[in-house]
Amino acid sequence: MSSPAARPAPPAEGFRTAREHRRLRAWERRVRSAGLPPLWAGRCTALSEPSRQAAAVRHTAATLAVLPKPYRLAFALLMRVFPVAVVLADPTGPLRGTSDRARPQRVADRLSTVPGCAELLRVSLALALHGALDGASTTPPQEPG
């Protein structure tokens, strides 16, 4: 029998267990369903390119997926209520596919004054920019302990 303190070596870069893969995909869905990518594109035009936006979503989701549990729960809750805040900030319709390029910027500006929403926008935009523009690896770091 092995000691409970002995842990297996972390997987090689790029390799994920099925559980880690499902967790990452769930976080990618959360990021997209919260409506963050259009707001990122409104704040930074470099994130309006589809390939960069996909890399941004992957990196943001990978980072959020490995946070300690209390932080993951807080971000999950914020992302569940964030679409309501978006609708309250601009009830004219969905941000996806809008022809008005300034509209996501206006919504992001309004939400940046709302506690909780401002933090979610700031943190997610920083992660998105890092993932999309710096070409960072989308392999999440290993969870501590």
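In this text, all values refer to a predicted model and were calculated from it rather than measured experimentally. (Residues numbered from 1 in each chain as written. Predicted model: local features only at pLDDT ≥ 70, side-chain atom pairs only at ≥ 80, totals over all residues. Heavy atoms only, no water.)

*Asks:* Just checking my understanding: could you explain the pattern of salt bridges for this structure?
*Replies:* For the structure on display, the rule yields two salt bridges. Notably, a salt bridge pairs D109 with R43, separated by 3.3 Å at the nearest N-O pair. Taken together, the residues D109 in helix α5 (residues 103-111) and R43 in helix α2 (residues 36-43) connect sequence positions 66 residues apart. (Salt bridge = Lys/Arg side-chain N within 4 Å of Asp/Glu carboxyl O. Helix = DSSP H or I, 4+ residues; strand = E, 2+ residues; numbered from the N terminus.)

*Asks:* Got a minute to help me understand the packing of α2 against α5 in this structure?
*Replies:* Between two packed helices, what matters for the description is the angle formed by their axes and the separation of those axes. It is at 8 Å that the axes of α2 and α5 come closest, and there the two elements cross at 100 degrees. By the angle between their directions, the pair α2 and α5 is classed as roughly perpendicular. Packed against α2, whose contacting residues are P38, L39, G42 and R43, the element α5 presents P104, Q105, V107, A108, D109 and L111 at the interface. Class assignment of the residues belonging to the contact of α2 with α5 gives a composition of six nonpolar, two polar and two charged. (Axes fitted to C-alpha atoms, helices over the stretch in contact; angles between N-to-C directions. Parallel < 35°, antiparallel > 145°, perpendicular 65-115°, else oblique. Contact = heavy atoms within 4.5 Å. Nonpolar A, V, L, I, M, F, W, Y, C, P; charged D, E, K, R; others polar.)

*Asks:* So what exactly am I meant to see when it comes to the side chain of S124 here?
*Replies:* Among the secondary structure elements, S124 is positioned in helix α6 (residues 117-133). Of note is the side chain of S124, whose polar atom sits 2.8 Å from the backbone oxygen of L120. In contact with S124, not counting residues within four places along its chain, are L36, W40 and T60. (Polar contact = N/O pair within 3.5 Å; in protein donor to acceptor, adjacent residues only side chain to side chain.)

*Asks:* What should I look at first to understand α2 in this one?
*Replies:* Helical geometry note: an α-helix holds 3.6 residues per turn, so side chains three or four residues apart project in the same direction. The buried count for α2 comes to seven of eight residues, which makes it a mostly enclosed element. Tucked inside the fold, the buried residues of α2 contact α1 (18-33), α3 (50-65), α4 (69-89), α5 and α6. (Buried < 20%, exposed > 50% of the residue type's maximum accessible area, 1.4 Å probe, protein only.)

*Asks:* I would appreciate a short explanation of the packing of aromatic side chains in the present structure.
*Replies:* Applying the stated criterion across every chain yields a total of zero aromatic pairs. Above the face of the W27 ring, R30 is positioned so that its terminal group lies 4.5 Å from the ring centre. (Phe/Tyr/Trp six-rings, centres within 6.5 Å; stacked < 30°, edge-to-face > 60°. Lys NZ or Arg CZ within 6 Å of the ring centre and 35° of its normal.)

*Asks:* When you look at the nonpolar core in this model, what are you seeing that I'm missing?
*Replies:* Side chains of a nonpolar character, in soluble globular proteins, are inclined to be buried together. Counting 32 residues, the largest nonpolar core has L36, W40, M79, F82 and L111 as its most contacted members. Within the residue set of this core, elements represented by two or more residues are α1, α2, α3, α4, α5 and α6. Beyond its immediate stretch of four places on either side in the chain, M79 contacts W27, R30, V31, A34, L36, L64 and L120. (Core = buried A, V, L, I, M, F, W, Y, C linked by side-chain atoms within 4.5 Å.)

*Asks:* Help me understand α3 in this model?
*Replies:* The first and last C-alpha atoms of α3 sit 22 Å apart over 16 residues, in line with the 22 Å expected at 1.5 Å per residue. Among the residues making up α3, those that are buried are A55, A56, V57, H59, T60, A61, A62, L64 and A65. On its buried face, α3 is in contact with α1, α2, α4 and α6. (Expected span 1.5 Å × (residues − 1).)

*Asks:* Is there a simple way to explain the environment of V86 in this structure?
*Replies:* With respect to the helices and strands, the residue V86 is situated in helix α4. Along the primary structure V86 and A34 are separated by 52 residues, whereas in three dimensions their C-alpha atoms are 8.9 Å apart.

*Asks:* Just checking my understanding: could you explain the confidence of the model for the protein chain for this structure?
*Replies:* Confidence in the prediction of the protein chain, expressed as mean pLDDT, is 80, and 77% of residues score 70 or more. Mean pLDDT per element in the protein chain: α5 is the minimum at 83, and α3 is the maximum at 93. Counted against residues more than four places away or in other chains, residues 6-12, with its pLDDT under 50, gives four contacts. (pLDDT = per-residue confidence, 0-100.)

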